[in-house]
Amino acid sequence: MQLIFHGAAREVGRSCVEVASEKRFLFDAGIKITAEQPEHPTHIDDLRGIAGVFLSHGHLDHCGALPLLDHTGLRCPIFCTSATKAITRILLKDALKIERIKHHHPAYDKNDVFKALDSVQKVRYGQKNYLEGIEFAFQDAGHIPGSASIMVEVEGKRILYTGDINTTQTMLLKGAFVNFPKINTLICESTYGEKDHPERKKEEKAFLSKVKEISDTGSVILPVFAVGRAQEVMMMLAKKDFSVPIYMDGMAKSVTELFEQEPGFIRDVSLLQKSAEKVEFIESRDEREEALKKKGIFLTTSGMLSGGPVIKYLTELGDNPNNGILLTGYQTEDSNGRLLLEEGRVIIDNKLIKINSQVKQFDFSAHAGMRELKELVRKIMPEHAIFVHGDKSATLSMAKFAESLGIKACAPKTDEILEV
Ligand SMILES: [Zn+2]
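Given the structure is predicted, the values throughout are model-derived calculations rather than measurements. (Residues numbered from 1 in each chain as written. Predicted model: local features only at pLDDT ≥ 70, side-chain atom pairs only at ≥ 80, totals over all residues. Heavy atoms only, no water.)

(A) Main features of the coordination of the zinc ion. For the zinc ion, the full set of protein donor atoms is His57 (NE2), His59 (ND1), His143 (NE2) and Asp164 (OD), and the range of their distances to it is 2.2 to 2.4 Å. Classification of the site at the zinc ion as irregular follows from its 4 donor atoms and the range of 91 to 169° in their angles at the metal. Sequence spacing of the donor residues for the zinc ion, all on one chain, is H-x1-H-x83-H-x20-D. Separated by 86 residues along the polypeptide, histidine 57 in the loop between β4 (50–54) and α1 (60–63) and histidine 143 in the loop between β8 (134–140) and β9 (148–154) bring together distant segments of the chain. Each member of the pair, histidine 57 as well as histidine 143, is classed as buried. (Donors = N, O, S within 2.8 Å, 3.2 Å for Na, K, Ca; no water. Tetrahedral: all angles 85-135°; square planar, octahedral: opposite > 155°, others 65-115°. Helix = DSSP H or I, 4+ residues; strand = E, 2+ residues; numbered from the N terminus. Buried < 20%, exposed > 50% of the residue type's maximum accessible area, 1.4 Å probe, protein only.)

(B) Expanded view of the packing of helix α5 (residues 200–215) against helix α6 (residues 229–238). Contact pair α5 / α6: the axes reach a minimum separation of 10 Å and the direction vectors enclose 70°. Of the possible angle classes, the one that applies to α5 and α6 is roughly perpendicular. Crossing hand, α5 versus α6: right-handed. Where α5 approaches α6, its residues Arg200, Glu204, Phe207, Leu208 and Val211 are matched on the opposing element by Glu232, Val233, Met236 and Leu237. Of the residues that constitute the contact of α5 with α6, the class distribution is 6 nonpolar, no polar and 3 charged. (Axes fitted to C-alpha atoms, helices over the stretch in contact; angles between N-to-C directions. Parallel < 35°, antiparallel > 145°, perpendicular 65-115°, else oblique. Left-handed = near helix turned anticlockwise from the far one by under 90°. Contact = heavy atoms within 4.5 Å. Nonpolar A, V, L, I, M, F, W, Y, C, P; charged D, E, K, R; others polar.)

(C) Just the pairing of strand β15 (residues 297–300), in detail. Along β15, one buried face is formed by Ile297 and Leu299 and the opposite face, lined by Phe298 and Thr300, is buried too. As defined by bridge partners, strand β12 (residues 220–223) adjoins β15 across 4 bridges and the pair is classed as parallel. Bridging from a neighbouring strand, leucine 222 pairs with leucine 299 of β15. Bridging between strand β13 (residues 246–249) and β15 involves 4 bridges; their strand directions are parallel. Among the inter-strand pairings, tyrosine 247 is bridged to a residue of β15, identified as phenylalanine 298. (Pairing = 2+ DSSP bridges.)

(D) Geometry of the domain arrangement of the protein chain. Each assigned domain of the protein chain is listed with its residue range as follows: domain 1 (2–195 + 366–419) and domain 2 (200–361). At the interface, 22 residues of domain 1 touch 22 residues of domain 2. The interface formed by domain 1 and domain 2 holds 0 salt bridges in total. In this structure, the connection of domain 1 to domain 2 is made through 4 residue pairs in polar contact (both at pLDDT 80 or more). Considered class by class, the residues forming the side of domain 1 that touches domain 2 number 14 nonpolar, 6 polar and 2 charged. (Domains from an automatic or database assignment. Salt bridge = Lys/Arg side-chain N within 4 Å of Asp/Glu carboxyl O. Polar contact = N/O pair within 3.5 Å; in protein donor to acceptor, adjacent residues only side chain to side chain.)

(E) Expanded view of the sheet that holds β13. With parallel pairing, the 6 strands of this open sheet are ordered in space as β14-β13-β15-β12-β16-β19. Of all strands in the sheet, those bounded by a partner on one side alone are β14 (279–281) and β19 (358–361). Each neighbouring strand pair of the sheet contributes to a mean axis angle of 20°, computed without reference to strand direction.

(F) Just α5, in detail. The terminal C-alpha atoms of α5, which comprises 16 residues, lie 22 Å apart, in line with the 22 Å expected from a rise of 1.5 Å per residue. On its buried face, α5 is in contact with β12, α6, β15, β16 (324–327) and β19. (Expected span 1.5 Å × (residues − 1).)

(G) Spotlight on the pairing of strand β17 (residues 345–348). Burial along β17 is one-sided: Val346 and Ile348 are buried, and none of Arg345 and Ile347, which face the opposite way, are. By the bridge criterion, 4 bridges tie β17 to strand β18 (residues 351–354) in an arrangement that is antiparallel. Its bridge partner being in β18, arginine 345 is matched across the sheet by lysine 354. Joining the antiparallel neighbours β17 and β18 is a turn of 2 residues, in which aspartate 349 adopts a positive phi near 50°.

(H) Representation of the sheet that holds strand β7 (residues 129–131). Across the sheet, which stays open at both edges, the 7 strands sit in the order β7-β8-β9-β10-β11-β20-β21 with mixed pairing between neighbours. For this open sheet the edge positions go to β7 and β21 (408–410), each flanked by a neighbour on one side alone. Ignoring which end each strand starts from, the neighbouring axes of this sheet average 20° apart. The sheet contact formed by strand β10 (residues 157–161) and strand β11 (residues 185–189) spans 3 bridges and is parallel. Bridge assignment links isoleucine 159 to a residue of β11, and that residue is threonine 185. Set on the sheet, helix α12 (residues 370–380) makes contact with β10, β11 and β20 (384–388); between it and β11 the angle comes to about 170°. Along the sheet, helix α13 (residues 392–404) contacts β20 and β21; its crossing angle with β20, the most-contacted strand, is approximately 165°.

Put into structure tokens, the structure is as follows:
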């Protein structure tokens, strides 16, 4: 059979692997978000001939191309967990809104989003399923709620697609399931193929003491990703007592409610609920204005300062050196967050604005670090390992590591076709 890499090949973004065997199917169909128009997977021949899409999780770099593919001819079931379906719904609708605000002209509309969601067939972790005679199973990938690694048996061979994976337990999630049977071909993410994370418990401690230190004299802005990071940071904060209130603003709120309705995907849902009780949710502009009159800890989207209510907080609070901005996630190269880290400035309404508050970044990654990725490869010991979803040097470095274990390994380029 052939594997064709339509994206996420020596890059992070637009994940999409086509498997062309007795049947043709896709692992993921994502977009790559850039400052300009989002990039889509490369051309897929005969979309109508695709028998199914296995969707690993609800992040846009894995699901964002589904509406456009639906618009251009994809007519097949999309398999994912119920939490992934709910997250996909929220993020696809939001993506469409943002495209319109940016005056881009997406080639699809709301109907295509709904149609794509209508094609979803929900799958449970650990359950055997069939697509036109092909057996497959989803397992918890520990990355965000609902995320899955997907094992497919086709032509007598087992393929494992890790999706985005985190093997380490966090406040919010259990670590990924890794006890797979013999795998012939592993398609593995490599986001941190060359970098280790700091020890999570230590990082958490350092983060909480920094929040405490700043909140004694000023306000703290905590830019967070809406899905997963917001809830995890909220749970960390709830463990401690602060002298100022904790607020949550932006899309993170609806995602928190969604998680409470999907308890099976959360490590300890009662802890999530208890933590949410310690937080005041901001529902309107007036409430935001009111909250800003006093000191507070503000959990708000977006995590890379690209839009959302965080802009208002930066505008109101960013000038005061007693305040602090603690970034809790990875900042891509052309993001406002990266600009803040490197130059102490952000772009708001097309103007470059100096930030005088203190700025610090913490690493609460939802991806396995280099050490864990290598452990995973060593544990699975496939015949063939293919590294995707990482930059060129990270994917090549992981391939080199796998080769050192005697595994046939590579880091394919975009549109490369591999025979496995
Ligand atoms: Zn992801």
